[in-house]
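# Summary of structural features
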Amino acid sequence: MNADSQQPSARVFCIANQKGGVGKTTTAINLAAALALSNKRVLLVDLDPQGNATMGSGIDKNQATVNLYQVLIGESDIASARLRSEPGNYDVLPANRELSGAEIDLVQMPDREQQLKRALAAIRTEYDYILIDCPPTLSLLTLNGLASAHGVIIPMQCEYFALEGLSDLVNTIKRVYRNINPELELIGLLRVMFDRRVTLQQQVSAQIQTHFGDKVFKAIVPRNVRLAEAPSYGLPGVIYDKSSRGAKAYLEFGRELIKRVDASAGRTAN
Ligand code: ATP
Ligand code: MG
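A brief look at the structure comes next. What you see is a predicted model, and the numbers here were worked out from it, not measured in a lab.

Broken down by element type, the chain carries 12 helices and eight strands. In terms of overall size, the chain behaves like a compact globule, its C-alpha atoms giving a radius of gyration of 17 Å where 270 residues would be expected to give roughly 18 Å. Based on the C-alpha atoms only, the size of the chain along its principal axes is roughly 50 × 40 × 40 Å. For the chain, with 270 residues in total, the buried portion stands at 53%. Of the contacts formed within the chain by residues at least 6 apart in sequence, a portion of 78% connects residues at least 24 apart. Within the structure as shown, the chain displays about 12600 Å² of accessible surface, and the carbon and sulfur contribution to it stands at 49%.

Structure representation (structure tokens):
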């Protein structure tokens, strides 16, 4: 793996789905903490002006006076904007509502969709994984995320309209791949907030497997109240209650992702 390079660079993954409230931030926070528990060096980039990934990592978004906004518009370097999630044991590039202004500022910049990638280049060798929590839009911010990433992880609920919404996202990923970022790939779909007792969810889950095959992660995150409670304590669910069903699922997901990444690095090296 990276045998010829002295300083291996982080794998960069977007957690994206333009549908709101599907579990992107919960996935980003818990995956960051799960990877850190596996001794990986992790940076979580909060690309959403809601700042939920920042808060859920135990960082007060309103205290983050230097944040992703200043980094994106070139007013601050990335190293001085990042903060540490003490409970999660990973770094965070924080965001708050200031970031919504970036949409407007970026439009006027050359290479407007490449600004996050430019910023991340300075610190990529310091991490094993960089996770980007995308907002629920296919906006210029999300485009910056997709332009920076090797891959996309899509959390999804197994509901009736899930597949329909997915095709817009998959088409966007294809367009970014063709026009902006030839490294971008769909890493996989993660079924979240899953309730086995609901027949419709089982049916949609089966449909997703038929459509996406190996791209569907084996780990399934159940609907679990401990995951929903954790952010109000500023803790990742996997730290807040590590024996809960939700935490166990995210820990399993973290291990599955590491295996998948290591396997594909092995294929590239050979
Ligand atoms: P947005 O699109 O607004 O950014 P999101 O896709 O990031 O939303 P989350 O904020 O992660 O979604 O989750 C939406 C809500 O569902 C939150 O209140 C969260 O605590 C809750 N939630 C997420 N995953 C689970 C789960 N597995 N079990 C129970 N509740 C969950
Ligand atoms: Mg979110």
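From this point on, the discussion continues.
Taken together, 18 residues sit near ligand 1, with Gly21, Lys24, Thr25, Thr26 and Asn224 positioned nearest. Between ligand 1 and the protein, one listed contact pairs an oxygen atom with a backbone N or O atom of Val22 at 3.0 Å. Gly23 has a polar backbone atom sitting 2.9 Å from an oxygen atom of ligand 1. Here the shell around ligand 1 takes three residues from helix α1 (residues 24–37), the largest share from any one element.

The next subject is the pairing of strand β6 (residues 151–156). With six of six residues buried, β6 is to be regarded as a mostly interior element. Residues of β6 alternate between two faces, with Gly151, Ile153 and Pro155 on one and Val152, Ile154 and Met156 on the opposite face, all of them buried. Pairing of strand β1 (residues 11–15) with β6, which is carried by three bridges, proceeds in the parallel orientation. Looking across to β6, one finds that Phe13 is bridged to Gly151. Bridging between β6 and strand β7 (residues 185–194) involves six bridges; their strand directions are parallel. Bridge assignment links Ile153 to a residue of β7, and that residue is Gly188.

Turning our eyes to something else, we now look at the nonpolar core. Counting residues in hydrophobic clusters, the biggest one holds 50 residues, and the most contacted among them are Val45, Leu68, Leu120, Ile130, Ile132 and Phe212. A total of seven residues in this core trace back to one element, the largest contributor, which is helix α8 (residues 162–179). Aside from chain neighbours lying at most four places away, what touches Leu120 is Val12, Leu43, Val45, Ile78, Ile130, Ile132 and Ser148. Membership of the second largest hydrophobic core comes to 34 residues, among which are Ala28, Ile59, Ala247 and Ile258.

Parameters and conventions
- Residues numbered from 1 in each chain as written.
- Chains lettered and ligands numbered in written order.
- Predicted model: local features only at pLDDT ≥ 70, side-chain atom pairs only at ≥ 80, totals over all residues.
- Heavy atoms only, no water.
- Helix = DSSP H or I, 4+ residues; strand = E, 2+ residues; numbered from the N terminus.
- Rg over C-alpha atoms; globule rule 2.2 N^0.38 Å.
- Buried < 20%, exposed > 50% of the residue type's maximum accessible area, 1.4 Å probe, protein only.
- Contact = heavy atoms within 4.5 Å.
- Areas by Shrake-Rupley, 256 points an atom, 1.4 Å probe, with all protein chains shown as cover.
- Near = heavy atom within 4 Å.
- Polar contact = N/O pair within 3.5 Å; in protein donor to acceptor, adjacent residues only side chain to side chain.
- Pairing = 2+ DSSP bridges.
- Core = buried A, V, L, I, M, F, W, Y, C linked by side-chain atoms within 4.5 Å.

These figures come from the coordinates and say nothing about function on their own.
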